[in-house]
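# Analysis of the macromolecular model
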Amino acid sequence: MPATVDIRMTGDGSAIMHVLGRDTPHEMVTMIHPDGKRLLATHYCAAHNQPRMALVPSSAPNQVTFTFVDGTNIAPGDTHMRSVVFTFIDADHHDETWTSSEGGPPGVFKFTRKKK
């Protein structure tokens, strides 16, 4: 699936704003931010919920993995994001693997930096 992502620092350098599909009907924002001693990713989803995922150890040194801890606007049985893995290939390429609670294959996005 073709997609774009915009990533920037915000909040005086206290958070990373990750905007998937900017200016599209399914735009989603994930804010990566500290919460005491842990790092969280709060995902503002097109499914109209907000799962929070915490940083966990990754299986590879070039990966950053977040898994579900809780969320808002998620009723029992509602589908929501369970995890996201960011895999850094090199300075200009990264992959994102998004896994949903409904099962099935994860969504995999492969991104190439567009240099200005």
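Anything mentioned here points back to the structure above.
Residues numbered from 1 in each chain as written. Predicted model: local features only at pLDDT ≥ 70, side-chain atom pairs only at ≥ 80, totals over all residues. Heavy atoms only, no water.

A few words now on the overall build of the protein. Check the secondary structure of the protein and you find 0 helices and 9 strands. When its helices and strands are written in sequence order, the protein yields β-β-β-β-β-β-β-β-β. Here the C-alpha coordinates of the protein stretch approximately 45 × 35 × 30 Å along the principal axes. Counting every position in the protein, which comprises 116 residues, the buried fraction comes to 33%. For the protein, the proportion of contacts with a sequence separation of at least 24, taken over those separated by at least 6, is 18%. Here the protein has roughly 7,400 Å² of accessible surface; of this, 57% comes from carbon and sulfur atoms. Charge centroids of the protein, computed over 11 positive and 12 negative side chains, lie 5 Å from each other. (Helix = DSSP H or I, 4+ residues; strand = E, 2+ residues; numbered from the N terminus. Buried < 20%, exposed > 50% of the residue type's maximum accessible area, 1.4 Å probe, protein only. Contact = heavy atoms within 4.5 Å. Areas by Shrake-Rupley, 256 points an atom, 1.4 Å probe, with all protein chains shown as cover. Lys, Arg positive; Asp, Glu negative; His and termini not counted. Charge placed at Lys NZ, Arg CZ, Asp CG, Glu CD.)

Scanning all chains against the criterion turns up 3 aromatic pairs. Between Phe66 and Phe86, the ring centres sit 6.4 Å apart and the planes meet at 85°, which makes this aromatic pair edge-to-face. Placement of the pair is Phe66 in strand β6 (residues 63–72) and Phe86 in strand β7 (residues 81–90), with a sequence separation of 20 residues. Phe66 gets classed as buried once you look at its relative accessible area, which sits at 1%. An aromatic cluster is present here, built from Phe66, Phe86 and Trp98 joined pairwise through their rings. (Phe/Tyr/Trp six-rings, centres within 6.5 Å; stacked < 30°, edge-to-face > 60°.)

Its place among the elements puts His43 in strand β4 (residues 38–44). A distance of 2.7 Å separates polar atoms of two side chains, one belonging to His43 and the other to Thr30. Residues within four places of His43 in sequence aside, it is in contact with Met28, Val29, Thr30, Asn49, Gln50, Pro51, Met53, Met81 and Trp98. (Polar contact = N/O pair within 3.5 Å; in protein donor to acceptor, adjacent residues only side chain to side chain.)

What follows concerns the sheet that holds strand β1 (residues 5–10). With respect to topology, 9 strands assemble into an open sheet ordered β1-β2-β3-β4-β5-β6-β7-β8-β9, the strand pairing being antiparallel. Each end of this open sheet is capped by a strand with a single partner; those strands are β1 and β9 (107–112). When the angles between neighbouring strand axes are averaged without regard to direction, this sheet yields 20°. Bridge analysis of strand β2 (residues 15–20) against strand β3 (residues 28–35) gives 5 bridges, and the strand direction is antiparallel. Bridged to His18 within β3 is Thr30. (Pairing = 2+ DSSP bridges. Axes fitted to C-alpha atoms, helices over the stretch in contact; angles between N-to-C directions.)

With that out of the way, let us pick up the environment of Phe68. Mapped onto the elements of the fold, Phe68 is located in strand β6. Through-space distance from the C-alpha of Phe68 to that of Arg82 is 4.9 Å; in sequence the pair is 14 residues apart.

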